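# Secondary and tertiary structure notes
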Amino acid sequence: LKALRCVPRFSCTMLKRAPIPRDWELEERNPLLDARSHAPYRFDPDGYVPYQLAATVVCLRRASNSAVGSLAPIRLEDLAVDAAGTHGQFGIQVRDAHGGAMPMSGRREVLLGQAQVVNFLKTDSADALQVMRYPGEYRFPGGRVDEADASPLAAARRELREEFLVDVADQDMTLRVLSATQTRKIRGASNMMVNFVALAEENPWLANLDVTATNDKLRDMEALVDQSISDGSWRKLSTDDRQALSPEVHELRWLPMREAIIMSQHSIGVGAPFVNVWQAEQFAKAGVKRRDPMSVTCWNLYKAHEEALWASNTGEEAAELQRLIHEENHRFSVNVHLLSSRRSVSSKL
């Protein structure tokens, strides 16, 4: 795919794309705008929405003892996020595909990291705190695929090391392909999220991960940065030095899959409750007014719960990964065209 030129060693050029039919005049006259930035969606010559590659890792382990609460189905009332009963995309899936109650096996727990609220890299002083995306939310380790990354798989392994402080060689990280999800435009760009699964039974480093020790290390890093910002020495550091010292995550936590899905779903509502006291305190400190919606995280937690989706896939199968990316880019691009056409029709009524 042409959109993968930012990562030259990972190429989908072997896949032949069928051009998506377009109404050029309609799109020029009435382009679909991003809801937040109001920037118009752009298309490549074949009618596809370009994207930037990103990678995430869903870390799973078998639940040691399935509590009754973890086995209870997820019902529509569990997913309501405001007085109007808003449910979002996942709620629609539960309502339509599962008849209002999605069964939960209770077999898996997921390791999530609570993101920092303050963006330490971009913050110079305590009087001008810069805020992270998805501040204070429990999320997967992940981020953009850099030019130095040979593939999304390489990026996923790198992000695990950077965010969860995992000191493991590539050959000792076994990752399975879960899905590819293209996002709406965020800060001017659409991301293609390539999602992997790491199973504790296949990864001794994950099975033996000392979460308490890791959290202690994260808190020590956090305290050091806070002190440096307070005494003014932080602004004197280079970007590379800041990056080496800054934790992206406040803490790691194993959560039952059911609890993780509901918690991420609740982020999409107006006046959504805080995930914990720390997030509330940090929001007050940084002047953050509301939670960022974790719709993609919720959707991928749901996919990870359905083990049949990833049980036979390995991260080394480049052809399968390319196919998933191509199909998702096609699906997303067609939907953008349809939305643009519908909006044009409704504006004439």
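Up top you'll find the structure we're talking about.
So, here is what we can say about the structure in this document. Quantities reported herein were computed from a predicted structural model and do not represent experimental measurements. (Residues numbered from 1 in each chain as written. Predicted model: local features only at pLDDT ≥ 70, side-chain atom pairs only at ≥ 80, totals over all residues. Heavy atoms only, no water.)

Summarising the element assignment, Ser-333 is placed in helix 12 (residues 318–348). Its relative accessible area of 0% is what places Ser-333 among the buried residues. Of note is the side chain of Ser-333, whose polar atom sits 2.7 Å from the backbone oxygen of Asn-329. The contacts of Ser-333, once residues within four sequence positions are left out, are Ile-20, Gly-47, Tyr-48 and Val-49. (Helix = DSSP H or I, 4+ residues; strand = E, 2+ residues; numbered from the N terminus. Buried < 20%, exposed > 50% of the residue type's maximum accessible area, 1.4 Å probe, protein only. Polar contact = N/O pair within 3.5 Å; in protein donor to acceptor, adjacent residues only side chain to side chain. Contact = heavy atoms within 4.5 Å.)

Turning to helix 9 (residues 257–265), a few remarks are in order. Within helix 9, 8 of the 9 residues are buried, which leaves the element mostly enclosed by the surrounding structure. Buried residues of helix 9: Met-257, Arg-258, Ala-260, Ile-261, Ile-262, Met-263, Ser-264 and Gln-265, and no others.

Formed by 34 residues in total, the largest nonpolar core has its most connected members in Leu-111, Phe-196, Trp-205, Leu-206, Leu-252 and Ile-325. Only strand 1 (52–62), helix 5 (152–164), strand 7 (176–182), strand 8 (191–199), helix 6 (204–207), helix 7 (211–231), strand 9 (249–256) and helix 12 provide two or more residues apiece to this core. Top element by residues in this core is helix 5. It accounts for 5 residues. The next biggest cluster of nonpolar side chains, apart from the first, holds 29 residues, and it includes Leu-76, Leu-178, Ala-260 and Ala-304. (Core = buried A, V, L, I, M, F, W, Y, C linked by side-chain atoms within 4.5 Å.)

Counting across every chain of the model gives 3 aromatic pairs. An angle of 40° between the planes, with centres 5.5 Å apart, marks the rings of Trp-299 and Tyr-302 as tilted. Within this pair, Trp-299 and its partner Tyr-302 are both found in helix 11 (residues 295–305), separated by 3 residues, close to a single helical turn. Each member of the pair, Trp-299 together with Tyr-302, is buried. The ring of Tyr-138 carries the charged tip of Arg-253 above its face, separated from the ring centre by 5.8 Å. (Phe/Tyr/Trp six-rings, centres within 6.5 Å; stacked < 30°, edge-to-face > 60°. Lys NZ or Arg CZ within 6 Å of the ring centre and 35° of its normal.)

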